[in-house]
Each structure stands twice: as C-alpha cells, then as structure tokens.
Amino acid sequence: MAKKSSIEKNNRRQKMTKNAAAKRARLKAIIADKNKPMEERFAATIKLAEMPRNSSATRVHNRCEISGRPHAVYRKTKMSRIAIRDYGSKGLIPGLVKSSW
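Residues numbered from 1 in each chain as written. Predicted model: local features only at pLDDT ≥ 70, side-chain atom pairs only at ≥ 80, totals over all residues. Heavy atoms only, no water.

Under the annotation held in an unreviewed UniProt entry, the protein carries the name Small ribosomal subunit protein uS14 and is attributed to Candidatus Afipia apatlaquensis. For the protein, the Function (unreviewed entry) comment in UniProt is given as "Binds 16S rRNA, required for the assembly of 30S particles and may also be responsible for determining the conformation of the 16S rRNA at the A site." (UniProt positions renumbered as here; feature names shortened; annotations may be inferred.)

In structure tokens, the structure reads:
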C-alpha cells in the first residue's frame, strides 16, 4: 500500500488540474495565436507561469485505484500489475483467464 500522503497529493493535483484546465487552455491559445500582439502574448505567458504548477496535467501520476502503487499501472483497468494478478486469481475480473500450472 502506498503512503496516504502520496495518494492524497495526487488526488489534490487531479482536482487542481480539472479546475484550471479551461483557464490554462485559454492562455495557451492566446500564446499560440501569432496574430495577437507580442505584448498580449507575453502577458499571457507570464499569467500561465504564475499559475500553480500542480494545476498542470503533466504533474498528475497514474496510480493504482486499489493499492495506490505508482508504477506498472494499466490505463484500461486503472490497476497495477500486482492488483490485476490478485484479482484475476480470485476470478474478480470479467473476461480475464488466469492460467496456473
């Protein structure tokens, strides 16, 4: 099991990303628009840089929904390889056939 603080920190980042997504997209559109004056684009760049870093989508880490493990997490199931193995052995994942010999 991962540290509770790490899991909560990641959850906080997800919420911040969700809340700031529209504002970040608007600022990025202004920055990318070559028809806008240079001063306006530069001001948008500064506003984007002043936003919290944790509001960026790249700061969010994929974690296992069950254990909170940060590595070897499958996107489709949102579970780590270890959790998939455990749940597959118990027959709790529909469509997964776990072979053992």
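Following the structure, the description resumes.
The next subject is helix 2 (residues 38-50). In a regular helix each residue adds 1.5 Å, so 13 residues correspond to 18 Å; helix 2 covers 18 Å between its end C-alpha atoms and thus fits that length. Within helix 2 the residues assigned to the buried category are Arg41, Ala44 and Leu48. Along the axis of helix 2, the buried residues cluster in a sector spanning 60°; they form a single face. The exposed set on the far side of helix 2, more than 90 degrees from its buried face, consists of Met38, Glu39, Phe42, Lys47, Ala49 and Glu50. For helix 2, the elements touching its buried residues are helix 1 (4-32). (Helix = DSSP H or I, 4+ residues; strand = E, 2+ residues; numbered from the N terminus. Expected span 1.5 Å × (residues − 1). Buried < 20%, exposed > 50% of the residue type's maximum accessible area, 1.4 Å probe, protein only. Arc of directions from axis to C-beta. Contact = heavy atoms within 4.5 Å.)

With that out of the way, let us pick up the environment of Asn10. Mapped onto the secondary structure, Asn10 falls in helix 1. Here the alpha-carbon distance between Asn10 and Gly68, two residues 58 residues apart in the chain, equals 9.8 Å. Apart from residues lying up to four places away in sequence, Asn10 is in contact with Arg59, Val60, His61 and Arg63.

The next thing to look at is unusual backbone geometry. In this structure, Ala72 is a non-glycine residue whose phi angle is positive, near 55°. Among the secondary structure elements, Ala72 is positioned in the loop between helix 2 and strand 1 (73-74). Positive phi is not limited to glycine here, since Lys78 has a value of about 55°. Counting through the fold element by element, Lys78 comes out in the loop between strand 1 and strand 2 (79-80).

Two elements in contact, helix 1 and helix 2, have axes whose closest approach is 8 Å; the angle formed by their N-to-C orientations is 150°. Crossing of helix 1 over helix 2 shows left-handed handedness. Touching Arg24, Leu27, Lys28, Ile30 and Ile31 of helix 1 are Glu40, Arg41, Ala44, Thr45, Lys47 and Leu48, all from helix 2. The class makeup of the residues in the contact of helix 1 with helix 2 is five nonpolar, one polar and five charged. (Axes fitted to C-alpha atoms, helices over the stretch in contact; angles between N-to-C directions. Left-handed = near helix turned anticlockwise from the far one by under 90°. Nonpolar A, V, L, I, M, F, W, Y, C, P; charged D, E, K, R; others polar.)

Across all of its chains, the model carries one salt bridge by this definition. Residue Glu40 is joined to Lys36 by a salt bridge in which the shortest nitrogen-to-oxygen separation is 3.7 Å. Judged by relative accessible area, which is 30%, Lys36 ranks as partly exposed. (Salt bridge = Lys/Arg side-chain N within 4 Å of Asp/Glu carboxyl O.)

The next point concerns the side chain of Arg41. For Arg41, the position within the fold is in helix 2. With no salt bridge to any partner, buried Arg41 finds its closest opposite charge in Asp33, at an N-O distance of 7.2 Å. If we skip the residues at most four places from it in the chain, Arg41 touches Ile30, Ile31, Asp33, Lys34 and Lys36. (Lys, Arg positive; Asp, Glu negative; His and termini not counted.)

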